[in-house]
Amino acid sequence: MLLFAFIPLALLSIASAEDDFPLEEGVLVLGDDNFQAAVDANQFMLVEFYAPWCGHCKSLAPEYAKAAQALAEEKSEVKLAKVDATIHKKWAEKFEVRGFPTLKFFKYGVPQEYAGGRTADTILEWVEKKSGPAAKDLATKEAAAAFIEANKVVVIGFF
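Procedures and definitions
Residues numbered from 1 in each chain as written. Predicted model: local features only at pLDDT ≥ 70, side-chain atom pairs only at ≥ 80, totals over all residues. Heavy atoms only, no water. Pairing = 2+ DSSP bridges. Helix = DSSP H or I, 4+ residues; strand = E, 2+ residues; numbered from the N terminus. Salt bridge = Lys/Arg side-chain N within 4 Å of Asp/Glu carboxyl O. Buried < 20%, exposed > 50% of the residue type's maximum accessible area, 1.4 Å probe, protein only. Axes fitted to C-alpha atoms, helices over the stretch in contact; angles between N-to-C directions. Parallel < 35°, antiparallel > 145°, perpendicular 65-115°, else oblique. Left-handed = near helix turned anticlockwise from the far one by under 90°. Contact = heavy atoms within 4.5 Å. Nonpolar A, V, L, I, M, F, W, Y, C, P; charged D, E, K, R; others polar.

1. Quick word on the sheet that holds strand E5 (residues 102–107)
Here is step 1 of the chain: Within the open sheet, the 6 strands sit side by side as E1-E2-E4-E3-E5-E6. Their pairing is mixed. A strand with exactly one partner marks an edge of an open sheet, and here the two such strands are strand E1 (23–24) and strand E6 (110–113).
Here is step 2 of the chain: Examined bridge by bridge, strand E3 (residues 44–50) and strand E4 (residues 78–84) share 7 bridges and lie parallel to one another. Residue Val47 lies in a different strand from E4, and its bridge partner there is Ala81.

Structure, rendered in C-alpha cells:
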C-alpha cells in the first residue's frame, strides 16, 4: 500500500520538472525563476539572450528553433534555451550581455562565448563539436578518408 502512495508523488515531481522549463518551438524559455535550475539540470545548453524588438533576434529565432528541434529529434544532451534580457535583466547583467542576440554555451554549468554561425546548420555543427568527444577513433582507412572529407581541419594521430 505504501508503494502506491509514492507512485503519484513520483509522477507529480516529473510533471513539475517539465513545467519549470516551458518550451516554445523546442526552445526552453528561461527566466529569473528557472534559469539556474536549467543550467544545473543540463550538461550542455546554448542560451540566447534576446530582446523582443531586436531585428537580429527576430532573424535568428526560426533558425534557432529549427536547431532545437533537430537536437530534440536526435535525443541530444544539448538543449537550446532563450532568455528575454529586457525582462530578466539579472541574468543579462551577470553574463555581461552588451548587445542582442548574445549567445552563451554552458558546459557543465560553466559559461563560454558562442563563436558559431546564425543558421540552424552552423548552430548544430558548433554545439556538436563543443559537446562531443575530444577524439574520434578511426578504425579503417575508409573511416579516416570520410573524416578528412567531412572536416576543414584534421589532425590524425597513430597510436
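That covers the picture; the talk isn't over yet.
2. Side note on the pattern of salt bridges
Here is step 1 of the chain: All told, the structure shown has 4 salt bridges when counted by the stated rule.
Here is step 2 of the chain: Ionic pairing is found between Glu24 and Lys82, a salt bridge with its closest N-O pair at 2.7 Å. Of this pair, Glu24 sits in strand E1 while Lys82 is found in strand E4, placing the two residues 58 residues apart along the sequence.
Here is step 3 of the chain: Residue classification places Glu24 among the partly exposed positions, given a relative accessible area of 42%.

3. Observations regarding unusual backbone geometry
Here is step 1 of the chain: Look at the link from Phe100 to Pro101: it is a cis peptide, with omega at -15°.
Here is step 2 of the chain: Secondary-structure assignment places Pro101 in the loop between helix H4 (89–94) and E5.
Here is step 3 of the chain: Its identity as a non-glycine residue notwithstanding, Glu25 has a phi of 55°, on the positive side.
Here is step 4 of the chain: Looking at the secondary structure, you find Glu25 in the loop between E1 and strand E2 (27–30).
Here is step 5 of the chain: The class for Glu25 is exposed, based on a relative accessible area of 59%.

4. Concerning the packing of helix H3 (residues 55–73) against helix H5 (residues 120–131)
Here is step 1 of the chain: Two numbers describe how H3 lies on H5: the axes approach to 8 Å, and their chain directions differ by 50°. Here H3 is positioned oblique relative to H5, judged by the angle of their axes. The interaxial crossing formed by H3 with H5 has right-handed handedness. Taken together, the residues of H5 that come into contact with H3 (itself represented by Leu60, Glu63, Tyr64, Lys66, Ala67, Ala70 and Leu71) are Ala120, Ile123, Leu124 and Val127.
Here is step 2 of the chain: The residue inventory of the contact of H3 with H5, partitioned by class, reads 9 nonpolar, no polar and 2 charged.

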